[in-house]
Amino acid sequence: MAALGMAALRRGSGAAPRLLAVAVSCQSCRPKASQCAGDGGHGQPRDQHPAAPGRARRGAEPGPAAGSQPVPAEGADTKTYLWARYHEMKKLVYDLLPPGVCNLLNPAAIYANNEISLGDVEIYGFDYDYTLAQYSNLLHSMIFNTARDILIEQFKYPEGLGKYDYIPGFAIRGLHYDVQKSLLMKIDAFHYVQLGTAYRGLKPVPDEEVIELYGGTQHIPLYQMSDFYGKGPSLKQFMDIFSLPEMTLLSSVIDYFITHGIEFDQVHLYKDISDAIRDVHVKGVMYKWIEKDMEQYILHGDEIYAVLNRLVNHKKKLFLITNSPFSFVDKGMKHMVGKNWRDLFDMVIVQADKPNFFTDRRKPFRKLDDKGSLQWDKINQLEKGKIYKEGNLFDFLRLTGWRGSKVLYFGDHLYSDLADLMLRHGWRTGAIVPELETEIRIINTEQYMHSLTWQQALTGLLERMQMYQDAESKQVLLEWMKERQEIRSLTKNLFNPQFGSIFRTFHNPTYFSRRLVRFSDIYMASISCLLNYDVNFTFYPRRTPLQHEAPLWMDQLCTGCMKTPFLEEMVHIR
């Protein structure tokens, strides 16, 4: 059993608290008869054993959780008993945290939501921006500054806005913005606002006000949330990496207006800022910056060549579908891959107008010559080495025959790049999530590991001890709840002081995370992660426990027979 526990640690599968439970419990998973009386092995109850004092028989009135109800030792008051449990649990967690439990996760790994064998993939497709081309954070400052100046010079916004600069790390991807309420906030997979993560301008909105704004609840109704592409009637979800400067500019402008007592129309303000940001992209300003200094703006270019070249050498077909113009893509690919980059691709499609490319049949393909000028030929076939503009996926499928799970397409935007391909066309999909690298490095820190593990243990104590309702016990439980909330805030702030992790609220997946699972078979920090795997590698998603399955898992079973105090209570550290 100990070998199994440590093997799980070496594999790096599952969450840290679950791994901790495996490693901790299995060290002493050989109970004597006296230690597990009443347990059917690994803490499971046997009806034929007499019930111990305070232990509920099957069929008896259930307590707040399955298994025995904790009872103070004879003569001990409940307050002393609760704090004794607290201190012994804390010592257990910190003393037995396995050496090397940090650095379990590899930032360069590929993570699977769905089983997929690369050996079955014959055709690889790619988006360009933030998929093949990764950009430095300096680009965000440039977008912010230029859009800010457009607001001042063209939209006649107050010149005082010129004092605002881009704030790196203010916002995270996946946030929602309530246009009517001017609230930028993080929402979980169940449509609840994570309290403490709602901002109007650059200042947090008190939890009580947020709840009042939504009719006495943290829940946002489905009809308000979003349509298929994250654009609801009153809420907009920011899903691409280019939206980071947009969110920061939106918050900065609102902060200026509120600070100076200027009334504003929320809808007009949101539209003006969206238009200013759009102009930076559509008018080609951003493209010119990158083209002038590719060394400064484009990251990991040499690795992109290695990925593409290896796939071609293994007889894989490659194609590119991007919304960016040909001249920009051509210069970037020449910088990263070389002047003959087009020889690697069977198809190159630019200015595709995704996500409409995947759903709208009306736009035909247009051919471009080598200089990027439009041709007038009717397109009856897609030729290798040629450049095409616009078009639609239905013609693409008809002309290539590239259908179903033999195609794997990579992109960074869950809606515009991946959703339609997976749900409507059966392609396999890979999400590029650059934030993953930073978040994994934080998860691998000792501070995060200790904080999260103790938080989970404390949650288990609260769950098991809540039956004590005398005045002193209630006070102890309140202190525990306060400490738990402080730990949750601490772990959130390790990722981002305003909004926390892009993948989790305090305990639930975020709305972004749920979409990531739904729309991608695999996800990774960059396309270069493919270099760490054989071209025939099969990705197997880890089977993580559903709530009703938790007692069946090895770590949960083993915790029922440790040579430690309050054996069965450890089952509830999830």
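On a predicted model such as this, the values are computed, not experimentally measured, just so you know.

**Remarks on the environment of Gly-460**
Phase 1: Here Gly-460 shows up in helix 17 (residues 446-465).
Phase 2: Linking Gly-460 and Met-89, residues 371 residues apart in sequence, is a C-alpha distance of 10.0 Å.

**Regarding the packing of aromatic side chains**
Phase 1: Enumeration over the complete set of coordinates arrives at 39 aromatic pairs.
Phase 2: Centroid distance Tyr-164 to Tyr-256: 6.3 Å. Interplanar angle 75°. Geometry classified as edge-to-face. Of this pair, Tyr-164 sits in the loop between helix 4 (138-153) and strand 5 (176-178) while Tyr-256 is found in helix 7 (residues 243-259), placing the two residues 92 residues apart along the sequence.
Phase 3: Judged by relative accessible area, which is 11%, Tyr-256 ranks as buried.
Phase 4: Between Tyr-199 and Phe-499, the ring centres sit 5.1 Å apart and the planes meet at 50°, which makes this aromatic pair tilted. Of the two residues, Tyr-199 sits in strand 7 (residues 193-200) while Phe-499 sits in the loop between helix 18 (471-495) and helix 19 (511-519), which places them 300 residues apart along the sequence.
Phase 5: Look at Phe-499 and you get buried, because its relative accessible area is 0%.
Phase 6: Among the aromatic residues, ring-to-ring pairing joins Tyr-157, Tyr-164, Tyr-256, Phe-257 and Phe-264 into one connected group.
Phase 7: Sitting over the ring of Phe-190, Arg-514 keeps its end group 5.5 Å from the ring centre.

**As for the pairing of strand 11 (residues 317-321)**
Phase 1: With four of its five residues buried, strand 11 lies for the most part within the structure.
Phase 2: Sheet analysis places strand 3 (residues 123-126) next to strand 11, joined by four bridges and oriented parallel. Bridge pairing in strand 11 links Phe-126 to Leu-320.
Phase 3: In this structure, strand 11 lies alongside strand 12 (residues 347-350), joined through three bridges in parallel fashion. Looking at the pairing, Leu-320 lines up with Val-348 of strand 12.

**Points about the UniProt feature "binding site: GMP" (unreviewed entry) in the protein**
Phase 1: Annotation from UniProt places "binding site: GMP" (unreviewed entry) at Asp-129.
Phase 2: What makes Asp-129 buried here is its relative accessible area of 11%.

What counts, and at which threshold
- Residues numbered from 1 in each chain as written.
- Predicted model: local features only at pLDDT ≥ 70, side-chain atom pairs only at ≥ 80, totals over all residues.
- Heavy atoms only, no water.
- Helix = DSSP H or I, 4+ residues; strand = E, 2+ residues; numbered from the N terminus.
- Phe/Tyr/Trp six-rings, centres within 6.5 Å; stacked < 30°, edge-to-face > 60°.
- Buried < 20%, exposed > 50% of the residue type's maximum accessible area, 1.4 Å probe, protein only.
- Lys NZ or Arg CZ within 6 Å of the ring centre and 35° of its normal.
- Pairing = 2+ DSSP bridges.
- UniProt positions renumbered as here; feature names shortened; annotations may be inferred.

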